[in-house]
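Here are the chains, one letter per residue:
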Amino acid sequence: MALSSPGVGSNLDVNSIVGQLMATERRPVSLLDQKEAGYQAKLSAYGSLKSALASFQSSMSGLNSVSRFQSLSATAADTTILTASAGSTAAPGSYTVVAGPLLAQAQTIAAAGRTSTSAAIGAAVTTTLTFKFGTISGGTLTDGVYSGATFTQDATQVTGTVTLDSSNNSLQGIRDAINAADIGVTATVVNDGGASPYRLVLASNATGTSKSMKISVAGDATLQGVLAYDPEGTQNLTQSTAAQNAALTVNGIAVSSASNTVTGAIQGVTLNLAKAGTTTLSVARDTAAAQSAATAFVTAYNGVNNTLASLSAYNATTKKGAVLQGDSTVRALQSQIRSALGSTLTGSGGSLTVLSQIGIALQKDGTMALDTTKLATATASNFNDIAGLFAAVGKPTDSLVSFVSSTANSKPGSYAVNVSTLATQGSETGGATAAGLTINTGVNDELLVVLDGVSATVTLPAGAPYASAAALAAQVQSSINGAAAFVAAGNTVSVTESAGVINITSNRYGSGSSVSITGNGLLDLLGLAPVSTTGVDAAGTIGGLGATGAGQSLTGTTGGVTEGLKIQVVGGATGARGTLNFSQGYAYQLNTIANNFLDATGPITSRTDGIIKSITDIGNRRTAFNLRMVTVEARYRAQFTALDTMISSMTQTSNFLSQQLTILSNNN
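Structure report, in brief. Predicted model, so just to flag it, every value in this text is computed and none were measured.

**Re helix α3 (residues 171-181)**
Given 3.6 residues per turn, any residue in an α-helix points the same way as the ones three and four places further on.
Now for step 1: Of all the residues in α3, the buried ones are L171, G173, I174, A177 and I178. Seen end-on, α3 carries its buried residues on one side only, within an arc spanning 165 degrees.
Now for step 2: Tucked into the core, α3 has its buried residues touching β5 (127-137), β9 (160-164), β10 (185-191), β11 (198-204) and α4 (221-227).
Now for step 3: D182 lies just past α3 and shows a positive phi near 55 degrees.

Here it is, written out as structure tokens:
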């Protein structure tokens, strides 16, 4: 029978003996724990490295932008007259701006007053309102009504329609239907306090003389009597505010603008007119922005450099290295960063090729410092070249060639640009017969248009004959560009006429540009034999190497030094088109290095995945070892329990024999 308390029968301290034996057996677990602690420390260190590198990458990405270094400021002496902003193409200088006497405003027209906002107007007949926008010219304006005026449609503003029926043929219903249609008109109901106080007021959402309204009404006669508005004819609404352009002068040159936000009057500058008056506008280089960006570059570098130094340092006093001291990934990262900063830029086409030229230099302790005086001098003398030290920059020498983008495979250099084919637009042009000017419902009002591969059915408004082919062309352009399918796809056309013959041209360039017209309106619009032309992509070379054309763009093909370089050719002649100077600045290079190390397949991810795998493996080994220790301890206890039992039995036998011998001795 086994003893219930080990050691009771033999006086052996079985628990202590087994405990000591198991402590010896468990020594490998302690080694595993130490190894795991080391891996955990490395994992934590890599987490710190990854966080610091991500912050560094974000900073370098933000500095890989020309606008960060080449921004300009535009400041008006009197900001109550106007405010302004300047883009990168603005030219520094001083300008005298006279705003007014007129500022741009939108047309407002009002219907006759009614006694109720909710009462139905007319019968329950489905009625369509068609809004056109254009310019009212000539004639006279008396009490808000034009006589003898001409309305010329603005082809750039789409025609809008609103449907009225028994559910919305009240004053407030009409208001809500117009606003919900989102056609460039805002409707309100105003109470003027008169006997019939409620008046529907319509305002064009856009300012400028070309945004006046013309409203055609098809359906209920009563609604037509309330809402029809034709500046050339019947006007059932009166004009309360005339559409007008802003008038201003810049350095004595007269400028007209449809909006109070004026662009183009001064290159690269946007003027925001507030009131009439005269002020001086100063456009200057924003040197503070360049200094701020350079400071951000230095700060970002020092941040990641300090982290790398801390994680890989060796303490000579304690003779201990940091967690990642000697780590190959850290060494590789430090090496690549130093190599990039120590290189001289090529392909910039400018005078600045190293950071020290603008006062940025590495110190003896490995940190980076900025000499602001040297930066200010460089900014004053080479303002346009500073961005090239940091960002990926392409500078074509031909004004009609622009740099679009590059990839990591694009190599810095100066590359000759040669254009063998200029991009063209797809179009469809009418035959020799002039277009018919009368549109009849169900007869010649429908066009099935396929524009740049997208299809839509376009219905032209029917009614009185158009005054000219130019007026019809404006309506066709407005109707096609307003088709929902084309709006969603971003496809538009330009429609022109010559001697009454209509031409419809896609605004897209290249082989994807095309126009195809069918439908019952084809014959009257384009005649018997319209000519359809598909667009052609640009073709040429960059640096003597092949380039793929897409619309007006040329992109360097795979495998060469110009791979991924993308330029746009917007006109000019075929043949040699100057040079593209392409450079990859230091921020661009460092951003690429950081991205490579942070990539999902990069060194840091690979290293941390390996560490995590090792930690998991240690956990699995510990679990298996602990399970084995349970068996070992059970075996030890079984062995010592058996020994304890045997010793106890022998002790009992010894005691019995001793008793018997004592009895025999006493008997003798």
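**Some words on the layout of surface pockets**
Now for step 1: Approximately 1,000 Å³ is the volume attributed to the largest pocket.
Now for step 2: If you trace the largest pocket, you find 43 residues lining it, with T130, K132, S216, P461 and Q475 closest to the centre.
Now for step 3: Of all elements in the fold, only β5, β8 (150-153), β9, β12 (212-218), β28 (454-459) and α8 (469-481) reach the threshold of two or more residues within the lining of the largest pocket.
Now for step 4: Along the lines of polarity and charge, the residues of the lining of the largest pocket split into 19 nonpolar, 19 polar and five charged.
Now for step 5: A volume near 370 Å³ is recorded for the second largest pocket.
Now for step 6: V66, Q70, S88, T89, Q267, N384, D385, A387, V393, G394 and K395 together form the lining of the second largest pocket.
Now for step 7: Considering only residue class, the lining of the second largest pocket consists of three nonpolar, six polar and two charged.

**Quick look at the nonpolar core**
Now for step 1: By size, the foremost hydrophobic cluster in this structure holds 45 residues, and its most contacted members are F297 and F390.
Now for step 2: Elements that contribute at least two residues to this core include exactly α2 (27-63), α5 (287-312), α6 (328-342), α7 (372-381), α11 (586-598) and α12 (603-667).
Now for step 3: Here the element with the most residues in this core is α5; it accounts for nine residues.
Now for step 4: Counting residues in each nonpolar core, the second largest holds 30 residues, with A149, L171, V185 and V217 among its members.

**Here's the deal with the pairing of strand β34 (residues 545-550)**
Now for step 1: Pairing geometry for strand β33 (residues 539-542) and β34, over three bridges, is antiparallel. Looking at β34, one finds that G540 is bridged to A547.
Now for step 2: The loop that links β33 with its antiparallel partner β34 comprises two residues; one of these, G543, has a positive phi angle of about 65 degrees.
Now for step 3: Pairing analysis gives four bridges linking β34 to strand β35 (residues 553-556), with the strands arranged antiparallel. Directly across from A550, in β35, lies its bridge partner S553.
Now for step 4: Here β34 folds back onto β35 in antiparallel fashion, the turn holding two residues, of which G551 has a positive phi close to 65 degrees.

**Some points on the environment of R285**
Now for step 1: Relative to the elements of secondary structure, R285 occurs in strand β18 (residues 277-285).
Now for step 2: Residue classification places R285 among the partly exposed positions, given a relative accessible area of 37%.
Now for step 3: Between the C-alpha atoms of R285 and A74, which are 211 residues apart in sequence, the distance is 8.9 Å.
Now for step 4: In this view, R285 contacts S71, L72, P92, A380, F383 and N384; residues no more than four positions away in its chain are not counted.

**Description of the environment of K35**
Now for step 1: Relative to the elements of secondary structure, K35 occurs in helix α2.
Now for step 2: With 440 residues separating them in the primary sequence, K35 and Q475 have C-alpha atoms 80 Å apart.

**Focus: the sheet that holds β11**
Now for step 1: Here we have four strands laid out as an open sheet, ordered β10-β11-β4-β13, and antiparallel in their pairing. The open sheet has two edge strands with one neighbour each: β10 and β13 (237-241). With strand direction ignored, the average angle separating the axes of adjacent strands in the sheet is 30 degrees.
Now for step 2: Bridging between strand β4 (residues 108-111) and β11 involves three bridges; their strand directions are antiparallel.

**A few points about the packing of α2 against α12**
Now for step 1: As a packed pair, α2 and α12 sit with axes 10 Å apart at the nearest point and diverge in direction by 160 degrees. Overall, the two elements α2 and α12 adopt an arrangement that is roughly antiparallel. In the crossing of α2 with α12, the sense of the turn from one axis to the other is left-handed.
Now for step 2: Among the residues forming the contact of α2 with α12, the class breakdown is 14 nonpolar, four polar and eight charged.

**Notes on the sheet that holds strand β31 (residues 515-518)**
Now for step 1: Taken together, the three strands give an open sheet; going across it, the order is β28-β27-β31, and neighbouring strands pair in antiparallel fashion. If you trace the sheet from one side to the other, it starts and ends with β28 and β31, each paired once. Each strand axis lies, on average, 20 degrees off the axis of its neighbour in the sheet, ignoring direction.
Now for step 2: Two strands pair when backbone bridges link them, and strand β27 (residues 446-451) and β31 are joined in this way by four bridges, in the antiparallel orientation. Looking at β31, one finds that L451 is bridged to V515.

**Points about the packing of α2 against α11**
Now for step 1: As a packed pair, α2 and α11 sit with axes 8 Å apart at the nearest point and diverge in direction by 145 degrees. The two elements α2 and α11 meet at a crossing, and its hand is left-handed. Across the interface between the two elements, K50, L53, A54, F56, Q57, M60, S61 and L63 from α2 touch A587, L590, N591, A594, N595, F597 and L598 from α11.
Now for step 2: A breakdown of the residues in the contact of α2 with α11 according to their chemical character gives ten nonpolar, four polar and one charged.

**A few points about the pattern of salt bridges**
Now for step 1: Here the structure, examined in full by the defined rule, presents eight salt bridges.
Now for step 2: Here D452 ties to R508 by a salt bridge, and the two come within 3.0 Å at their closest N and O atoms. One end of the pair, D452, is in the loop between β27 and β28; the other, R508, is in strand β30 (residues 501-509), with 56 residues separating them in the sequence.
Now for step 3: Judged by its relative accessible area of 36%, R508 falls in the partly exposed class.
Now for step 4: One connected set of salt bridges, linked through shared partners, spans D33, E36 and R622.

**Brief notes about the packing of aromatic side chains**
Now for step 1: By the definition in use, this model includes three aromatic pairs.
Now for step 2: Each ring, one from F297 and one from F390, has its centre 5.2 Å from the other, and the planes form 80 degrees; the classification is edge-to-face. Here F297, found in helix α5, pairs with F390, found in the loop between α7 and β23 (392-396); they are 93 residues apart in sequence, far enough to count as distant. Comparing F297 with F390 shows no difference in burial state: the two are buried.
Now for step 3: One aromatic cluster is present, formed by F69, F297 and F390 through successive ring pairs.
Now for step 4: A cation over an aromatic ring shows up here: R635 above the ring of Y636, its NZ or CZ 5.6 Å from the ring centre.

Here is what the cut-offs are and how they apply
- Residues numbered from 1 in each chain as written.
- Predicted model: local features only at pLDDT ≥ 70, side-chain atom pairs only at ≥ 80, totals over all residues.
- Heavy atoms only, no water.
- Buried < 20%, exposed > 50% of the residue type's maximum accessible area, 1.4 Å probe, protein only.
- Helix = DSSP H or I, 4+ residues; strand = E, 2+ residues; numbered from the N terminus.
- Arc of directions from axis to C-beta.
- Contact = heavy atoms within 4.5 Å.
- 1 Å grid on protein atoms, 1.4 Å probe; cavity = no way out; pocket = protein on both sides within 12 Å on 5 of 7 lines; lining within 4 Å.
- Points joined across faces, edges and corners; volume = space filled by probe spheres on them.
- Nonpolar A, V, L, I, M, F, W, Y, C, P; charged D, E, K, R; others polar.
- Core = buried A, V, L, I, M, F, W, Y, C linked by side-chain atoms within 4.5 Å.
- Pairing = 2+ DSSP bridges.
- Axes fitted to C-alpha atoms, helices over the stretch in contact; angles between N-to-C directions.
- Parallel < 35°, antiparallel > 145°, perpendicular 65-115°, else oblique.
- Left-handed = near helix turned anticlockwise from the far one by under 90°.
- Salt bridge = Lys/Arg side-chain N within 4 Å of Asp/Glu carboxyl O.
- Phe/Tyr/Trp six-rings, centres within 6.5 Å; stacked < 30°, edge-to-face > 60°.
- Lys NZ or Arg CZ within 6 Å of the ring centre and 35° of its normal.

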